[in-house]
Amino acid sequence: MSAERAAEPLETRELHKILSDPGYLKLLVLCALLGIPVSLAAFGFLVLEHSTQHWLWESLPHGLGYAATPWWWPLPLLSAAGLVVAWVVSTLPGHGGHLPVDGLGGGPVLPSVVPGVVLAALASLSLGAVLGPEAPLIALGSGLALLTVRAARRSEAPQLTVVLATAGAAAAVSTVFGSPLVAAVLLIEAVGVGGPQLFAVILPCMLASGVGAIVFTGFGNWTGLATGALALPVLPPSQTLGTGDFLWGIPLAAAIACGCVAAMTLGTKIAEWTGQRPALRTVACAVAVGAFAAMYGLSTGRAPEEAALSGQATLAALAAEPHAWPVSALLLLLVFKGLAWSVSMAALRGGPAFPALFLGAVAAVLCSPLPGFGVTAGLAVGLAAAGSAVLRLPVSAAVLATLLLGRDAVSQMPLLVVASVVAFVCGELLRGRRTLRVPPG
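All values reported here derive from a predicted model rather than from experimental measurement.

Rules used throughout
- Residues numbered from 1 in each chain as written.
- Predicted model: local features only at pLDDT ≥ 70, side-chain atom pairs only at ≥ 80, totals over all residues.
- Heavy atoms only, no water.
- Helix = DSSP H or I, 4+ residues; strand = E, 2+ residues; numbered from the N terminus.
- Buried < 20%, exposed > 50% of the residue type's maximum accessible area, 1.4 Å probe, protein only.
- Contact = heavy atoms within 4.5 Å.
- Disulfide = S-S within 2.5 Å.
- Salt bridge = Lys/Arg side-chain N within 4 Å of Asp/Glu carboxyl O.
- Phe/Tyr/Trp six-rings, centres within 6.5 Å; stacked < 30°, edge-to-face > 60°.
- Axes fitted to C-alpha atoms, helices over the stretch in contact; angles between N-to-C directions.
- Parallel < 35°, antiparallel > 145°, perpendicular 65-115°, else oblique.
- Left-handed = near helix turned anticlockwise from the far one by under 90°.
- Nonpolar A, V, L, I, M, F, W, Y, C, P; charged D, E, K, R; others polar.
- Patch = residues over 30% accessible without salt bridge, like charges linked within 9 Å, V, L, I, M, F, W, Y side chains within 5 Å.
- Areas by Shrake-Rupley, 256 points an atom, 1.4 Å probe, with all protein chains shown as cover.
- Core = buried A, V, L, I, M, F, W, Y, C linked by side-chain atoms within 4.5 Å.

Colleague: Tell me about the side chain of Ser142, and name the residues and values.
Modeller: Within the fold, Ser142 resides in helix H6 (residues 134-146). Classification of Ser142 by relative accessible area gives buried; the value is 2%. Excluding anything up to four places from it in sequence, Ser142 contacts Pro108, Val109, Ala165, Gly168 and Ala169.

Given below as structure tokens:
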């Protein structure tokens, strides 16, 4: 070894050794090739789910002569979803995948489980479950990636299995988030490299950088002095942050975290009840989701699909015209969709993140009339806080909120980073108290 190489840090030498290993280079090539079929499969899943959903909730009611979707429409659709999911849970390998209340799922998914995951997710998402497609896509990508490895090889090389499964999951989930960066960050956090120590280091860094950006921005505006910071001046200006945005935004982030943890706690209890008689009670839960959506439609006179489905399309409409929604409709939407989300997580199949982001946005719009609190700042807080509390991945939540806010994220970055940390800490403390509580006697 040369004197120059010997002077390099041990970590640098180890990294060079890994990157120059022919086996690792072959693994990189394999993962690159895997991205092609996995992304095509994910694309097909999303197209089929979207087309079926559009036909069931828009084209079919209009074809039957209804000017708008009737309030009772979710009841038969969710009942059918419950029957399909109950059949998958009872008969197919893997029971349709993990429950959404457990998060995005953990560990590699065997290829034999993929058909049940896809069928249960398509039925749930298309027919009105208050869930998103992210968890089924992760399972789909993971299972398809492991098709390239024989069962004997998977048992001999568990590390290879984890790497391929994670790469396949990242390729699949990037299609729904529309960004490979979000998928990469999400999977890095979800895999949990570093365990609790990772979060112990990340949270102070995020909080310090967020608060530092607040002080830096505010002091720069106050003094008018230029610092020559990295910037692209051709970008259009977006709404600037004010003191009221932080005074209202931080408590709102904590409140959203509490609401998300409460909803997931309720979902966990319902899941325990459903697990005693899975087939029958899965159908009962699906009917309850349909009833909540129907009650929203009946009580507001608005489309019942606003309280059903993932909320992905409705989020865009809410963000585009937040003041077009009556306060009463937003309050009822928060209640009925929140309950439907809890029950959906307990029995049906999908991901928990998309409805959480939507409900966080609803809470933000409800609070936006507060003095000094802007709609854009509220959306930044709502998206970041809900994502952080539900995904339990603060960096991923901040990156996802940045992606959704588009050009407005530039000015809202300090607030959404701090909101993500506050929501994560509040959520974990609440979960810890619930876990550590000792019954009396």
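Additional details are given in the paragraphs that follow.
Colleague: Please provide a residue-by-residue account of the state of the cysteines, values included.
Modeller: Under the definition given, this model contains 0 disulfides. No disulfide involves Cys260; its nearest neighbouring cysteine sulfur is the one of Cys258, lying 9.4 Å away. For the unlinked cysteine Cys426, the closest cysteine sulfur is that of Cys258, found at 5.8 Å. Cys426 gets classed as partly exposed once you look at its relative accessible area, which sits at 23%.

Colleague: So what's going on with the pattern of salt bridges? Residues and values would help.
Modeller: By the definition in use, this model includes 3 salt bridges. For the salt bridge of Arg302 with Glu306, the shortest nitrogen-to-oxygen distance reads 3.0 Å. One salt bridge connects Glu428 with Arg392, and the closest N-O pair in it is separated by 2.8 Å. Here Arg392 lies in the loop between helix H16 (375-391) and helix H17 (394-405) and Glu428 lies in helix H18 (residues 409-436), a separation of 36 residues in the sequence. The exposure class assigned to Glu428 is partly exposed, which follows from its relative accessible area of 24%. What makes Arg392 partly exposed here is its relative accessible area of 36%. Within this structure, Arg392, Glu428 and Arg431 form a network of salt bridges that share partners.

Colleague: Give me the packing of aromatic side chains: which residues, what numbers.
Modeller: For the structure on display, the rule yields 2 aromatic pairs. Ring geometry for Tyr66 and Trp72: centres 5.9 Å apart, planes at 75°, overall edge-to-face. In this structure Tyr66 comes out as partly exposed when scored by relative accessible area, which is 34%. For Trp72, a relative accessible area of 31% gives the class partly exposed. These aromatic residues form a ring-pair network of at least three members: Tyr66, Trp72 and Trp73.

Colleague: Got a sec to walk through the packing of helix H14 (residues 327-347) against helix H15 (residues 353-367)? Specific residues and values, please.
Modeller: For the pair H14 and H15, the least separation of the axes is 10 Å and the interaxial angle reads 155°. With respect to their mutual orientation, H14 and H15 come out roughly antiparallel. At the point where H14 passes H15, the crossing takes the left-handed sense. Touching Val327, Leu330, Leu331, Leu333, Leu334, Lys337, Gly338 and Trp341 of H14 are Pro355, Ala356, Phe358, Leu359, Val362, Ala363, Val365 and Leu366, all from H15. Partitioned by chemical class, the residues of the contact of H14 with H15 number 14 nonpolar, 1 polar and 1 charged.

Colleague: Tell me about a nonpolar patch on the surface, and please be specific about residues and values.
Modeller: A surface patch of nonpolar side chains, amounting to about 410 Å² of accessible area, comprises Ile18, Leu19, Tyr24, Leu25 and Leu28. Looking at the nonpolar patch element by element, the count peaks at 3 residues for helix H3 (residues 22-63). Along the chain, the position of Leu19 falls in helix H2 (residues 10-19).

Colleague: Explain the environment of Leu404 to me, and be specific about the residues and the numbers.
Modeller: In this fold, Leu404 is placed in helix H17. Residues in contact with Leu404, not counting those within four places in the same chain, are Leu357 and Leu383.

Colleague: Requested: an account of unusual backbone geometry, with residues and values cited.
Modeller: With the exception of glycine, the majority of residues adopt a negative phi angle, and the majority of peptide bonds are in the trans configuration. Residue His95 is not a glycine yet carries a positive backbone phi of 55°. Mapped onto the elements of the fold, His95 is located in the loop between helix H4 (74-91) and helix H5 (114-127). Judged by its relative accessible area of 48%, His95 falls in the partly exposed class. Positive phi, close to 65°, is recorded for Arg392, a residue that is not glycine.

Colleague: Can you explain the nonpolar core? Please cite residues and give values.
Modeller: By size, the foremost hydrophobic cluster in this structure holds 107 residues, and its most contacted members are Phe45, Trp57, Leu137, Phe177, Leu318 and Trp341. Not counting chain neighbours up to four residues away, the residues in contact with Phe177 comprise Glu134, Val182, Leu186, Phe354, Leu400 and Leu403.

Colleague: Any details on the packing of helix H11 (residues 243-276) against H16? Residues and values, ideally.
Modeller: At their nearest, the axes of H11 and H16 sit 8 Å apart, and the two run at 35° to each other. Crossing hand, H11 versus H16: right-handed. Along its contact with H11, which presents Asp245, Gly249, Leu252, Ala253, Ile256, Ala257, Cys260 and Met264, the element H16 presents Ala377, Val381, Gly382, Ala385, Ala386, Ala389 and Val390. In terms of residue class, the contact of H11 with H16 is made up of 12 nonpolar, 2 polar and 1 charged.

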